[in-house]
Amino acid sequence: MQPDTSFRKDYKNLDGYDKGTIRGSLEKRDSASWKPKSWVIGVINKNASKAYDWNELLETKLINDSVDDLSVMLALESDNASFHVYNRLVNGTMLHFERRNDDEFIDENTHSTWNMDGICINGTMKGAKLNAVQSYQEFWHSWSTFHPNTLKYSNNGPLNQVKI
């Protein structure tokens, strides 16, 4: 697709939108957690939804959790902008992941190594693939408006979740 040149001037000032560097009132991303314009990753499973704080993912690089009965793993790539959400159940085995380096993670169950594409590249599960889970990166105010019963992921409490 080619850009429509008649709108080039209107959109020129949005070049840095995804990086949070524009000056317009449209963006102004909150850098603090759980503010209206803070980034979150949202996941829906059946009738349940959960939001994950972008700042926490930036800090930990990997989160193991569940949304209702769906066990998920969120992983942040080394560019600190790209992320993946995968189902942790593979061939009937529930996996728990930890970060190995910028491009790989390892599951504690089989000690197999996985890449960011969700493919096992070494170990007993070599060749297996994690199933991607639909997820959304949004401002907190947008996610919470359209998912009013969402849970907020928190790694600080025994339940790892807070209902809004």
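Trainee: Describe the pattern of salt bridges, naming the residues involved and giving the relevant values.
Mentor: Applying the stated criterion across every chain yields a total of two salt bridges. The closest approach of N and O atoms between Asp69 and Lys46, which form a salt bridge, is 2.7 Å. Remark: Lys46 occurs in the loop between β1 (39–45) and β2 (48–53) and Asp69 occurs in the loop between β3 (62–67) and β4 (70–76); sequence separation between them is 23 residues. Judged by its relative accessible area of 52%, Asp69 falls in the exposed class. Under the relative-accessibility criterion, Lys46 is labelled exposed at 58%. The closest approach of N and O atoms between Lys50 and Asp65, which form a salt bridge, is 2.8 Å. One end of the pair, Lys50, is in strand β2; the other, Asp65, is in strand β3, with 15 residues separating them in the sequence. In terms of burial, Lys50 and Asp65 fall into one category: buried.

Trainee: I'd like a description of the sheet that holds strand β11 (residues 120–122), backed by residues and values.
Mentor: Strand order in the open sheet made by the four strands is β8-β9-β10-β11, with antiparallel pairing throughout. With one partner strand each, in any of the chains shown, β8 (97–99) and β11 form the two edges of the open sheet. Sheet twist, expressed as the mean angle between neighbouring strand axes with direction ignored, is 40 degrees. Here β8 pairs with strand β9 (residues 104–107) via three bridges, running antiparallel. Bridge pairing in β9 links Arg99 to Phe105.

Analysis parameters
Residue indices begin from 1 for each chain and proceed along its sequence in written order. Local features in this predicted model are restricted to residues of pLDDT 70 or higher, and side-chain atom pairs are both shown and tallied only at a pLDDT of 80 or more, whereas totals for entire chains, interfaces and linings draw on every residue. Here the side-chain values reflect all heavy atoms present in the structure, with hydrogen atoms and water set aside. Salt-bridge detection follows one rule: a side-chain nitrogen of Lys or Arg within 4 Å of a carboxyl oxygen of Asp or Glu. Secondary structure elements follow DSSP: runs of H or I of four or more residues count as helices, runs of E of two or more count as strands, with numbering from the N terminus. Exposure categories follow from relative accessible area, calculated using a 1.4 Å probe and restricted to protein chains: below 20% of the type maximum is buried, above 50% is exposed, and the middle band is partly exposed. DSSP calls a pair of strands paired once it identifies at least 2 bridges connecting them. To obtain each axis, a line is fitted to C-alpha atoms, and for helices this fit is confined to the stretch in contact; angles are then taken between N-to-C directions over 0 to 180 degrees.

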